[in-house]
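# Architecture at a glance
Chain by chain, the residues:
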Amino acid sequence: MVLTPYFLADEPFYAPQADEIELFTAAHALRQPVMIKGPTGCGKTRFIEHMAWRLGRPLVTVACHEDMTASDLVGRFLLDADGTVWHDGPLTLAVRHGAICYLDEIVEARQDTTVVIHPLTDDRRILPLDKKNELVRAHPDFQLVISYNPGYQSVLKDLKESTKQRFVGLDFTYPDAAREARIVAREAGIDEATATLLVKVADRSRNLKGHGLDEGASTRMLIQAGRLMARGISLTAACQMALVLPITDDPDLRASLTDAIAACQ
């Protein structure tokens, strides 16, 4: 089967925040396109991986970026040993064979690129391949999921209204402190008391959002710091390496974050 490599063999760990599993399951049953909003590193991608595993569906993931073209999504003619041959892109692969297609951080893609998904997100469920002169009708199991971080939106990086209104939405945020500590402890392999310290550091950094930082420390960053601590690295050194240095180059902000880490110990 073409999509065999896209099935997840093992259950990705995911701690529900509310009723998002039930909501996504209902949307999947209807094959509705789903939009997932939330800050960087809060668990959006892990949620989709978990749902693909739970539903027993293959998952084709595309990390969107500003240089991505429509051909990168749908496919192109390429020259090989047999001459000029058409190669399906990841979106066409998912449409043709029936996978969940996840377009991660879709606002990073050019707007003229994202327009190609429009015919897939209404009752037509078709994908025109103009260069191949083919109209691909979506497999009954095909579902489209997109994600983006509203905090990074700008006039130049936002979805068209005509795109937004084709999706149902799920809103994500960082888990509450107790839940986030359990997630960090589980994923990093550290005890919950240590994970709670990391969550306190993250909370301090998130208070700096809009005061020099675009985003505070994400759950993903806390897990990275926790994994360093599981290797015997101190809280201060782990937070410097996994949180402070990646998140800002501003010396004053780095000093503020360093003080916040010291205050949490």
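One structure accompanies this document, and this report is about it. All values reported here derive from a predicted model rather than from experimental measurement. (Residues numbered from 1 in each chain as written. Predicted model: local features only at pLDDT ≥ 70, side-chain atom pairs only at ≥ 80, totals over all residues. Heavy atoms only, no water.)

What follows concerns the overall build of the chain. What the chain contains, in helices and strands, is 11 helices and 9 strands. In terms of overall dimensions, the chain has a C-alpha envelope of 65 × 40 × 35 Å along the principal axes. Evaluated residue by residue, the chain yields a buried proportion of 46% over its 265 residues. Look at the contacts in the chain between residues 6 or more apart in sequence, and 71% of them connect residues 24 or more apart. Per element, the accessible surface of the chain, about 13100 Å² overall, is 52% carbon and sulfur. Averaged over its 29 positive side-chain charges, the chain has a centre that lies 3 Å from the centre of its 36 negative ones. (Helix = DSSP H or I, 4+ residues; strand = E, 2+ residues; numbered from the N terminus. Buried < 20%, exposed > 50% of the residue type's maximum accessible area, 1.4 Å probe, protein only. Contact = heavy atoms within 4.5 Å. Areas by Shrake-Rupley, 256 points an atom, 1.4 Å probe, with all protein chains shown as cover. Lys, Arg positive; Asp, Glu negative; His and termini not counted. Charge placed at Lys NZ, Arg CZ, Asp CG, Glu CD.)

Examined bridge by bridge, strand β3 (residues 75-80) and strand β4 (residues 83-88) share 6 bridges and lie antiparallel to one another. The partner of F77 across the bridge, within β4, is W86. The hairpin turn running from β3 into β4, its antiparallel successor, is 2 residues long. (Pairing = 2+ DSSP bridges.)

The end-to-end C-alpha separation of helix α9 (residues 219-230) is 16 Å, in line with the 16 Å expected for 12 residues at 1.5 Å each. Turning to α9, its buried residues are T219, M221, L222, I223, A225, G226 and M229. Buried residues in α9 make contact with α7 (177-188), α8 (192-206) and α10 (235-247). Once α9 ends, the next one or two residues include G232, with phi positive near 95°. (Expected span 1.5 Å × (residues − 1).)

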